[in-house]
Amino acid sequence: MTVIVYVPNDSGALALGAGRIAAAIEKEARQRGLDIKLVRNGSRGMFWLEPLVEVEIPEGRIGYGPVQLKDIPGLFDADFLNGGAHALKVGPIDEIPYFKKQQRLTFARIGLTNPVSLEDYLSNDGYRGLNNALAMSGADIVKQVTDSGLRGRGGAAFPTGIKWNTVLNTPSEQKYIICNADEGDSGTFSDRMVMEDDPFVLIEGMTIAGIAVGATQGYIYLRVEYPHAHRALNTAIEKAYQAGYLGEDIQGSGKQFDLEVRLGAGAYVCGEETSLMESLEGKRGLVRFKPPLPAISGLFGKPTIVNNVISLASVPIILDKGGEYYRDFGMGRSRGTLPIQLAGNIKYPGLVELAFGLTLRELLYDYGGGSASGRPIKAVQVGGPLGAYLPESQFDTPLDYEAFAAIWAVVGHGGIVVFDDTVDMAEMARYSMEFCAIESCGKCTPCRIGSTRGEEVIKDIIAGRDLHKNIPLLRDLCDTLLNGSLCALGGMTPYPVLSALNHFPEDFGITEQASAA
Amino acid sequence: MTETVSMFSIVKEITSALKDKPGALLPILHDIQNALGYIPADSIPIIASELRLSRAEVHGVISFYHYFRETPPGKQTIHLCRAESCQAMGSKKLEEHVKDKLGIDYHETTADGRFSLEPAYCLGLCSCSPSMQIGEDVYGRVSNESFDSIINEMETLS
Ligand SMILES: Cc1cc2nc3c(=O)[nH]c(=O)nc-3n(C[C@H](O)[C@H](O)[C@H](O)COP(=O)(O)O)c2cc1C
Ligand code: SF4
Ligand code: FES
Ligand code: FES
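Basis of the calculations
- As a convention, each chain's residues are numbered from 1 in the sequence order in which they are written.
- The order in which chains are written sets their letters, starting at A; the order in which ligands are written sets their numbers, starting at 1.
- Confidence filtering applies because this is a predicted model: local features only for residues at pLDDT of at least 70, side-chain atom pairs given and counted only at 80 or more, and all residues used for totals across whole chains, interfaces and linings.
- Excluded from the side-chain calculations are hydrogens and water; all other atoms, namely the structure's heavy atoms, are used.
- Only DSSP runs of H or I covering at least 4 residues are called helices, and only runs of E covering at least 2 are called strands; the numbering of each starts at the N terminus.
- As a reference, a globule follows 2.2 Å times the number of residues to the power 0.38, and the radius of gyration itself is taken over C-alpha atoms.
- Here's how the labels work: a residue is buried when its accessible area is under 20% of the maximum for its type, exposed when over 50%, partly exposed in between, all with a 1.4 Å probe on protein chains only.
- For the accessible areas, the method is Shrake-Rupley and the probe is 1.4 Å, while residue cover comes only from the protein chains on display.
- His is not counted here, nor are the chain ends, while Lys and Arg score as positive and Asp and Glu score as negative.
- Here the site of a charge means NZ on Lys, CZ on Arg, CG on Asp, or CD on Glu.
- By convention in these notes, a residue is near a molecule or strand provided one of its non-hydrogen atoms lies within 4 Å of it.
- Any residue outside Ala, Val, Leu, Ile, Met, Phe, Trp, Tyr, Cys, Pro, Asp, Glu, Lys and Arg is labelled polar, Gly included; the first ten of those are nonpolar and the last four are charged.
- One less than the residue count of a helix, multiplied by 1.5 Å, gives the span that helix is expected to have.
- Throughout, a residue-residue contact means that at least one pair of heavy atoms, one from each residue, lies within 4.5 Å.
- Between Lys or Arg on one side and Asp or Glu on the other, a salt bridge is scored when a side-chain nitrogen of the former is within 4 Å of a carboxyl oxygen of the latter.
- Here a polar contact is recorded for every N or O atom pair within 3.5 Å, except that within protein the pair must consist of a potential hydrogen donor and a potential acceptor, and residues adjacent in sequence are included only if both atoms are side-chain atoms.
- We define the nonpolar core as a collection of buried residues of types Ala, Val, Leu, Ile, Met, Phe, Trp, Tyr and Cys that are connected through side-chain atoms lying within 4.5 Å of one another.
- Axis definition: a line fitted to C-alpha atoms, over the contacting stretch in the case of helices. Angles run 0 to 180 degrees between N-to-C directions.
- Angle categories: roughly parallel below 35 degrees, roughly antiparallel above 145, roughly perpendicular from 65 to 115, and oblique for all the rest.
- Crossings are sorted by hand: turned counterclockwise from the far helix by less than a right angle, the near helix makes the crossing left-handed, and turned clockwise it makes it right-handed.

Q: Requested: an account of the overall build of chain A, with residues and values cited.
A: A count of helical and extended segments in chain A gives 23 helices and 16 strands. Since a compact globule built from 517 residues should have a radius of gyration of about 24 Å, the 24 Å found for chain A is in line with a globular shape. Its C-alpha atoms give chain A principal-axis dimensions of roughly 75 × 60 × 40 Å. Looking at chain A as a whole, 62% of its 517 residues qualify as buried. When the accessible area of chain A is evaluated, it comes to approximately 18300 Å², of which 51% is carbon and sulfur surface. Of the charged side chains in chain A, 47 are positive and 62 negative; the average position of the first set lies 2 Å away from that of the second.

Q: Which residues make up the site of ligand 2, and what values go with them?
A: Surveying the vicinity of ligand 2 reveals 13 residues, the closest of which are Cys441(A), Lys443(A), Cys444(A), Cys447(A) and Cys487(A). Classifying every residue of the shell around ligand 2 gives 8 nonpolar, 4 polar and 1 charged.

Q: Hey, could you go over helix α19 (residues 445-462) of chain A for me, with residue numbers and the actual values?
A: All names here are of chain A. Given a rise of 1.5 Å per residue, 18 residues ought to cover 26 Å, and the 25 Å separating the end C-alpha atoms of α19 matches this to within 8%. Taken together, the buried positions of α19 are occupied by Pro446, Cys447, Gly450, Ser451, Gly454, Glu455, Val457, Ile458 and Ile461. Of the surrounding secondary structure, the elements contacted by the buried residues of α19 are α18 (425-439), α20 (467-484), α21 (488-492) and α22 (494-503). Of the residues flanking the end of α19, it is Gly464, one or two places downstream, whose phi is positive at about 80°.

Q: Can you explain the interface of chain B and chain A? Please cite residues and give values.
A: Every contact between the two is made by 36 residues of chain B and, on the other side, 62 residues of chain A. Between Arg231(A) and Glu136(B) there is a salt bridge, with the nearest N and O atoms lying 2.1 Å from each other. Between chain B and chain A we count 21 residue pairs in polar contact (both at pLDDT 80 or more) in total. Those elements that provide at least two residues to the side of chain B that touches chain A are α2 (25-36), α4 (55-64), α5 (84-88) and β5 (137-139) of chain B.

Q: I'd like a description of the nonpolar core, backed by residues and values.
A: Formed by 207 residues in total, the largest nonpolar core has its most connected members in Trp164(A), Leu202(A), Ile220(A), Val380(A), Ile416(A) and Tyr65(B). Considering each element in turn, this core owes the most residues, 10 residues, to helix α10 (residues 199-213) of chain A. Ranked by size, the runner-up nonpolar core spans 17 residues in total, among them Leu80(B), Ile134(B), Tyr139(B) and Phe147(B).

Q: A description of the packing of α18(A) against α19(A) should follow, citing residues and the corresponding values.
A: Residues and elements named next belong to chain A. Where α18 meets α19, the axes come as close as 8 Å, and the angle between the chain directions of the two elements is 155°. Between α18 and α19, the angle is such that the two are roughly antiparallel. You can see that α18 and α19 cross each other, and the crossing is left-handed. On α19, the residues that touch Ala426, Glu427, Ala429, Arg430, Met433, Glu434, Cys436 and Ala437 of α18 are Cys447, Gly450, Ser451, Thr452, Gly454, Glu455, Ile458, Lys459 and Ile462. Among the residues making up the contact of α18 with α19, the classes are represented as 8 nonpolar, 4 polar and 5 charged.

Q: A description of the environment of Gly111(A) should follow, citing residues and the corresponding values.
A: Residue and element names in this part refer to chain A. In this structure, Gly111 sits in the loop between α4 (97-100) and α5 (118-123). As a C-alpha pair, Gly111 and Pro8 span 103 residues in sequence and 7.4 Å in three-dimensional space. Sequence-distant contacts of Gly111, that is, excluding residues within four places in its chain, are made with Asn41, Gly42, Ser43, Arg44, Glu54 and Arg61.

Q: Describe unusual backbone geometry, and please don't skip the residues or the numbers.
A: Residues and elements named next belong to chain A. Cis geometry marks the peptide bond from Glu50 to Pro51; its omega dihedral reads -5°. The residue after Lys290, namely Pro291, is reached through a cis peptide bond having omega -5°. With respect to the helices and strands, Pro291 occurs in the loop between α12 (273-280) and β9 (304-308). In the Ramachandran plot, Asp125 falls in the positive-phi region, its phi being about 75° despite a non-glycine side chain. Checked against the element boundaries, Asp125 lands in the loop between α5 and α6 (128-134). Backbone geometry at Ala157 places phi at a positive 60°, although glycine is not the residue there. Secondary-structure assignment places Ala157 in the loop between α7 (138-148) and α8 (160-168). For Ala157, a relative accessible area of 8% puts it in the buried group.

In structure tokens:
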């Protein structure tokens, strides 16, 4: 009997050797005359177990990990193909608490299927949302998205339904759907996982968006750092065209939607939606003044929806199960689930999709298992390079847009980067200013000049020079950035800088005496 | 001489194939860099005339994006992640080691032309920091030792 063996093709698993493991398993099986079918699935998102090899047996999918090349003969000796006992055996994947306790809506298929198999997609609830949408009016589709309470997962948390409604109600012979796949935020990889591990769900979400608002052309603006996602998307798009899920006449509905991937070129600011559109138009990625809103005058001056990968990938399940179903998850005004990314110095790094409302502490310790180094966790940065640093005293904050805003922090794209007590927070603040200086689009003075000046001032502070002058100077600079920047690159760099300064003054050489004075 | 001729014909071919796409400039620059490894200064007038842009506009776009380069890269380009998650897992020590081992800083190429070194600001591999990328190959939990063996293996292969 042929045994199905799964070895992930997700680049997080590849980075830990999954490619070589897959080849070695095939070779070993051949040499032993064993009949296996190797499937390259996505990652389950439990990266401390990667490369995580799974076998499908009557009891379910049984995992072994992390598998190294040297383990492979032993795995065969232990009859892992039939779920045999082995030191690396983690048992049925569905029973691993880290996985079992999650609420996977957007990530429902990820890790389960072969990402570029349309058959797998269809037999695991794929394209049910689109089928429903094709029988609905644009306004009804938009209403489902509005009812779901979905807010943009790219950072700004703007209600997706409201944005769609504006585009729906702006007449134009041409409209566009843009997927923002620039995922520049450090500590985040959920977009990458969706694109590599379930590209059809993004294609379906964009197609629904196009049909809803009457846009016939979509672009995925993908960062060039993601070659594996690029390949997966192009393969999936080609298959969707062949099967009539993209193109002139989607599933015989007479509705059209075309889709193309465009590559960025290593500019963080091009994740900002207006800079992204400039870039798509073939220009330098200078941020545009708003208004006009992109929903009214966006790409090539036409009404345009710009949504993050996760926002769009959450649309199919909303159209499949209804806005209310999605809305029933979450807390307050943060509805649905968030694919949270645990990164940095953490024992169990990975992807955890959960309804909003869990506290940071639960995520860091119940899921994350504390730091990887075993040392105390000193600070976490939530929401990418423009997100605030949170000290332990704030770990009881629930993951909720409003709760985070109340402590001058952001949820952003849901990345959590953990630092142990060896981190120097003044150095992290310096890096934030350096990053802003490197990535500034240069359109406004506070950001362009202020960031360079900010880095110099922090260097002086680190060297212990004139703290009584330089600390207020740093605060002034941050004020200027906060109030005088056109976009959030300049406007939010003060979040990591000031949170580091306020929560960890001792790292800036500020003694209690000095701060009292 | 023949090299210049083939450069011109490659750039011409790419540009005329893509110039009618909406927002064609970035796709053109990507294809040129894929084919030649960089975007030669001599290609700018060709692109500019095909797209009806000024040379300054084309150059402005090339220089805006960190990824586009105007000088030839080494045989392999190493993209080392400098961002926060990797810093939390010791990337600064790794960075020192890498620069030391290769004898170059960021944006430089080794004297023997084998390696170029570029910073990356997150590779989406933060669940296995510190990380790097060489071509399409990705590497996680990179240590000084694993870096050396990756590089040594490449040197023996080439
Ligand atoms: C400097 C900067 C970088 C950004 N980078 C991204 C990004 O990489 N991905 C993303 O989805 N949104 C990013 N955003 C937010 C976008 O401007 C925009 O809000 C988002 O794409 C809208 O989609 P959403 O409503 O689905 O979140 C960035 C914003 C700024 C200011
Ligand atoms: S804040 Fe910085 S990145 Fe944003 S528009 Fe101004 S200069 Fe450009
Ligand atoms: S130009 Fe942007 S604030 Fe002055
Ligand atoms: S921060 Fe280094 S890979 Fe994300």
